[in-house]
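# Per-entry structural report
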Amino acid sequence: MTLWVFLMPLTWNIPVLFVLLASLICYLLLLRRLTVTVKQVLFMVSCLLLCGITFASPFAQLAHITFSTHMIQMSILYFIIPPLLLLGMPHTIHRIVSNTSIMRHRTSIISLLLFSVLFLLYHLPAMLQFLLQHPLLHNSYSLLLFALAISMWWPFVLLPTEKVERYAFFSGVFVMPACLLFVVMALLDLQSSQPFHQQLFAHLCLPDRTLASPVNTKIDQVMAGVIMLGMHKGATHLAIRGNDG
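Residues numbered from 1 in each chain as written. Predicted model: local features only at pLDDT ≥ 70, side-chain atom pairs only at ≥ 80, totals over all residues. Heavy atoms only, no water.

## Remarks on the packing of helix α2 (residues 14–30) against helix α3 (residues 38–55)
The packing of two helices is summarised by the inter-axis angle and the distance between the axes. One way to put it is that α2 packs onto α3 with a least axis distance of 9 Å and a crossing angle of 170 degrees. Accordingly, the angle class assigned to the pair α2 and α3 is roughly antiparallel. Of the residues in α3, those in contact with Leu17, Leu20, Ser23, Leu24 and Tyr27 of α2 are Gln40, Val41, Met44, Val45, Leu48, Cys51 and Gly52. In terms of residue class, the contact of α2 with α3 is made up of 9 nonpolar, 3 polar and no charged. (Axes fitted to C-alpha atoms, helices over the stretch in contact; angles between N-to-C directions. Helix = DSSP H or I, 4+ residues; strand = E, 2+ residues; numbered from the N terminus. Parallel < 35°, antiparallel > 145°, perpendicular 65-115°, else oblique. Contact = heavy atoms within 4.5 Å. Nonpolar A, V, L, I, M, F, W, Y, C, P; charged D, E, K, R; others polar.)

Here is the structure:
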């Protein structure tokens, strides 16, 4: 399969780019009323830039070439963007959320548990195949996961460093089963990513849908699990260091 076959249909999502640009403008206008640090501005700009690269650039389509690249996209959505977004918010918003009972630490733990369960269920072969066949339900499921991800990342912004490190440990423990699922199923020759690979070319709208995927699905699954574990671990370190001081 030649490279040009993949690159030919790749385009930028202009509406998404406009939304992100509008969000950046609103954020910069907000700076005139609320005090923020240079670090917070960098976090927010990085968040919006990462959103543009991940969902509005050709990477959004390249993410469907392999299961591992798709999981990179999901890891960015649930493990990288939420902490960057929260760390980029002004301290005034942090204080308001901290004083709101619905966003207490206990709520974040519940969100973490729900996210971990739904994230694990999402990657079961039967569930993945069902969701891929129903785009509206798939998008709703993804939106719910993102909302839970926002909630479960709040402690990294609101809690002091010594407490958030303990929360980070439990976060890694709860998320780990979904990441390890790929590795275990690959070692057992159970291709949990097979439903995804069957719809790769439908997502890409390639001219020749009969071309076979050139990747080794077993290795692809193992890479997906390892990458997700690494990105989650890296995100927790980023959030802890970003919250420090």
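On we go from here.
## Let's talk about the side chain of His94
On the secondary structure map, His94 appears in helix α6 (residues 91–98). Excluding residues within four positions of it along the chain, His94 makes contact with Gln40, Leu86, Met89, Trp154, Val157 and Leu158.

## Let's talk about the layout of surface pockets
Its volume calculated, the largest pocket comes out at about 660 Å³. Taken together, 23 residues form the lining of the largest pocket, with Phe55, Gln73, Leu77, Asn139 and Ser142 sitting closest to its centre. Elements supplying a minimum of two residues to the lining of the largest pocket: α3, α5 (67–87), α8 (125–132) and α9 (135–153). Per element, the largest residue contribution to the lining of the largest pocket is 7 residues, and it comes from α5. Residues that form the lining of the largest pocket fall into these classes: 16 nonpolar, 7 polar and no charged. (1 Å grid on protein atoms, 1.4 Å probe; cavity = no way out; pocket = protein on both sides within 12 Å on 5 of 7 lines; lining within 4 Å. Points joined across faces, edges and corners; volume = space filled by probe spheres on them.)

## Considering a nonpolar patch on the surface
Nonpolar side chains collect at one region of the surface, where Trp12, Ile14, Phe18, Leu21, Ile25 and Leu29 lie side by side and expose about 640 Å² of accessible area between them. Looking at where Ile14 falls in the secondary structure, it is placed in helix α2. (Patch = residues over 30% accessible without salt bridge, like charges linked within 9 Å, V, L, I, M, F, W, Y side chains within 5 Å. Areas by Shrake-Rupley, 256 points an atom, 1.4 Å probe, with all protein chains shown as cover. Salt bridge = Lys/Arg side-chain N within 4 Å of Asp/Glu carboxyl O.)

## Here we look at the environment of Leu86
Structurally, the position occupied by Leu86 is in helix α5. When the C-alpha positions of Leu86 and Ala239 are compared, they lie 9.3 Å apart, and in sequence the two are 153 residues distant.

## Considerations on the UniProt feature "transmembrane region" (unreviewed entry) in the protein chain
The positions that UniProt labels "transmembrane region" (unreviewed entry) are, in the present scheme, residues 12–30, 42–65, 71–88, 109–128, 140–160 and 167–188. Overall, residues 140–160 shows 86% helix and 0% strand. The separation of its end C-alpha atoms is 33 Å. With 95% helix and 0% strand, the stretch residues 167–188 has end C-alpha atoms that lie 32 Å from each other. (UniProt positions renumbered as here; feature names shortened; annotations may be inferred.)

## Regarding helix α11 (residues 161–187)
Taking 1.5 Å per residue as the helical rise, α11 with its 27 residues ought to reach 39 Å, and the 38 Å between its terminal C-alpha atoms agrees with that figure. Along its length, α11 shows its largest kink, about 40 degrees, at Met176, and proline Pro177 lies within four residues downstream of that point. (Expected span 1.5 Å × (residues − 1). Bend = angle between axes of the 7 residues up to and from the residue.)

## Considerations on the packing of aromatic side chains
Per the counting criterion, the structure on display carries 9 aromatic pairs. With centroids separated by 5.9 Å and ring planes inclined at 65 degrees, the aromatic side chains of Phe79 and Phe119 adopt a geometry described as edge-to-face. With Phe79 in helix α5 and Phe119 in helix α7 (residues 105–122), this residue pair connects regions lying 40 residues apart in the sequence. Its relative accessible area of 0% is what places Phe79 among the buried residues. According to the relative accessible area criterion, Phe119 is buried, its value standing at 1%. Consider the rings of Phe156 and Tyr167, whose centres lie 5.4 Å apart with planes at 70 degrees: the pair is edge-to-face. On the criterion of sequence distance, the pair formed by Phe156 in helix α10 (residues 155–158) and Tyr167 in helix α11 is long-range, its members being 11 residues apart. Note on accessibility: Phe156 and Tyr167 belong to one class, buried. (Phe/Tyr/Trp six-rings, centres within 6.5 Å; stacked < 30°, edge-to-face > 60°. Buried < 20%, exposed > 50% of the residue type's maximum accessible area, 1.4 Å probe, protein only.)

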